[in-house]
Amino acid sequence: MQVNTELVRRAKNGDTQAFGQLYELIYKELCKYAFYCLGNDEDVKDVVSETVLDAFRSIKSLKDPNAFGAWMFRILSAKCKRKLASYVDKTLEFNEAFDLQASPVRQDPANEVVNDVALERAFKALNPIDRQIVSMSTFAGFNSKEIGELLGMNKNTVRTRLSRALESMRTYLR
Amino acid sequence: MGREDFTNEEKEIIDKIRQSSSNYKVPKELEAENIVNMLNAKGNNMEYVKYDNNRGKKPYKKFIPIIALGAAVAVAIIAVFAIPHSNAYQRVIPSLGINQPAMTLAYAADYKEIRDVLNAANMIRGDKGSYIDGGEWLEDFAPNGSEKVM
């Protein structure tokens, strides 16, 4: 992703408008990623807000302006990982979030997150770590090595889990 | 970010996920304009926003620790006071400084005659375990017709 280096320079000097413009380039993907990991909008708001605050405070440590997107995803994925670990019952949380009746997202017809019910079910059938791996690969564009570094796993393990998760979804959709 | 090599089948699923996520509506609070406002309000004072970890959870989940604690206390009370021959009764009560013979006397409420005799004779004062361990001795004090204590 090509980023305007002038915007990064201004953001480093505390310019919130400049940071906002940088954020605007990637926020939809950030939110999708968080939603597919966590499964509910309330937690998405929490983790993305925290990510933005942390990123704004520490943007001076960003050396390569073109790495802004990846850097934001790294912060966000760490927060999603922590949030997943904090769930008392991760499966329940996610299932409730995707429940057709219970989900606040579903109540708004214009906000149909996963319009293919079968795909939705296939996705929610994955365990939380696999969901995170698939989301990282799909929305953040990370490769197995980068995902492995973020999740503390071997890159081959990540690749295997990613393949299995995608295969399991494909089987589910047959 | 480096690229990952996917098989055609994997690409197909990834495309489906991307396609289905295209309708995702970002929460209003996370729109760029609102994020800039949030940064203007909070970003410069270097303080973390406090988040309620219970947000989005079912209300009863907040009470689970309290209910669990209440249940544990109830079980402890039952173990100590309602099961006279349990270890809890035999060991915990004395360890709390409670006069065990007095408690065992209360337990022997059914043996009214014995209790009356013991009270009258004042035989149990300070004599730890005299009731439980000294069943035969107590029996001597039991009036005719009363049940055997131990």
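Residues numbered from 1 in each chain as written. Chains lettered and ligands numbered in written order. Predicted model: local features only at pLDDT ≥ 70, side-chain atom pairs only at ≥ 80, totals over all residues. Heavy atoms only, no water.

Engineer: For this particular structure, what's the right way to read the packing of helix α8 (residues 128–140) of chain A against helix α9 (residues 144–151) of chain A?
Structural biologist: Residue and element names in this part refer to chain A. Where α8 contacts α9, the two axes come as close as 10 Å, and the packing angle between them is 135 degrees. When the axes of α8 and α9 are compared, the pair comes out oblique. The interaxial crossing formed by α8 with α9 has right-handed handedness. Each of Gln-132, Ile-133, Met-136 and Ser-137 in α8 lies in contact with α9, whose residues at this interface are Ile-147, Leu-150 and Leu-151. Grouping the amino acids of the contact of α8 with α9 by side-chain chemistry returns five nonpolar, two polar and no charged. (Axes fitted to C-alpha atoms, helices over the stretch in contact; angles between N-to-C directions. Helix = DSSP H or I, 4+ residues; strand = E, 2+ residues; numbered from the N terminus. Parallel < 35°, antiparallel > 145°, perpendicular 65-115°, else oblique. Left-handed = near helix turned anticlockwise from the far one by under 90°. Contact = heavy atoms within 4.5 Å. Nonpolar A, V, L, I, M, F, W, Y, C, P; charged D, E, K, R; others polar.)

Engineer: What is the right way to look at the packing of α9 of chain A against helix α10 (residues 155–173) of chain A in this model?
Structural biologist: Packed helices, taken two at a time, are described by the angle their axes make and the gap between the axes. All names here are of chain A. Where α9 contacts α10, the axes come no closer than 8 Å and their chain directions differ by 110 degrees. In terms of axis orientation, α9 runs roughly perpendicular to α10. Listed contacts from α10 to Ser-144, Lys-145, Ile-147 and Gly-148 of α9 are Lys-155, Val-158 and Arg-159. When its residues are assigned to classes, the contact of α9 with α10 shows two nonpolar, two polar and three charged.

Engineer: What is the right way to look at helix α7 (residues 117–124) of chain A in this model?
Structural biologist: Note that an α-helix has 3.6 residues per turn; residues three or four places apart therefore point the same way. Within α7 of chain A, the full set of buried residues consists of Leu-119, Glu-120, Ala-122 and Phe-123 of chain A. Here the buried residues of α7 of chain A occupy an arc of 165 degrees about the axis, which is enough to place them on one side. (Buried < 20%, exposed > 50% of the residue type's maximum accessible area, 1.4 Å probe, protein only. Arc of directions from axis to C-beta.)

Engineer: In this structure, what is going on with helix α2 (residues 16–38) of chain A? I would like to understand it.
Structural biologist: Residues and elements named next belong to chain A. Compared with an ideal rise of 1.5 Å per residue, which puts 23 residues at 33 Å, α2 spans 28 Å between its outermost C-alpha atoms and falls more than 12% short. In α2, a bend of some 55 degrees at Ile-26 exceeds every other bend along the element. With 17 of its 23 residues buried, α2 lies for the most part within the structure. The first or second residue beyond α2 is Gly-39, which carries a positive phi of 85 degrees. (Expected span 1.5 Å × (residues − 1). Bend = angle between axes of the 7 residues up to and from the residue.)

Engineer: Can you walk me through the confidence of the model for chain A in this structure?
Structural biologist: Residues shown with low pLDDT carry predicted positions that ought not to be read at fine detail. Summing up the model confidence of chain A, the mean pLDDT is 79 and the portion of residues at 70 or higher is 82%. Note that residues 99–114 of chain A has pLDDT below 50 and, in this model, 33 contacts with residues that lie over four places away or in other chains. (pLDDT = per-residue confidence, 0-100.)

Engineer: Sorry if this is basic, but what is going on with the nonpolar core here?
Structural biologist: In globular proteins that are soluble, nonpolar side chains generally tend to be buried together. Counting residues in each nonpolar core, the largest one holds 66 residues, and the members touching the most others are Phe-19, Tyr-23, Val-48, Val-52, Phe-68 and Met-72 of chain A together with Ile-17 of chain B. Sorting elements by how many residues they give to this core places α2 of chain A first, with 14 residues. Setting aside residues no more than four positions away along its own chain, Ile-17 of chain B makes contact with Tyr-36, Leu-119, Phe-123, Val-134, Thr-138, Phe-139 and Met-169 of chain A. (Core = buried A, V, L, I, M, F, W, Y, C linked by side-chain atoms within 4.5 Å.)

Engineer: Explain the environment of Val-158 of chain A to me, please; I cannot follow it from the model alone.
Structural biologist: Residue and element names in this part refer to chain A. Note that Val-158 resides in helix α10. With a relative accessible area of 0%, Val-158 lands in the buried category. The sequence separation of Val-158 and Ser-144 amounts to 14 residues, and the corresponding C-alpha distance is 5.6 Å.

Engineer: Looking at this structure, how should I read the state of the cysteines?
Structural biologist: Simply put, the disulfide is a covalent bond whose two ends are the sulfur atoms of two cysteines. Residue and element names in this part refer to chain A. All chains considered together, the criterion is met by zero disulfides over all chains. With no disulfide of its own, Cys-80 lies 4.7 Å from the sulfur of Cys-37, the closest cysteine sulfur. Owing to a relative accessible area of 0%, Cys-80 belongs among the buried residues under this scheme. (Disulfide = S-S within 2.5 Å.)

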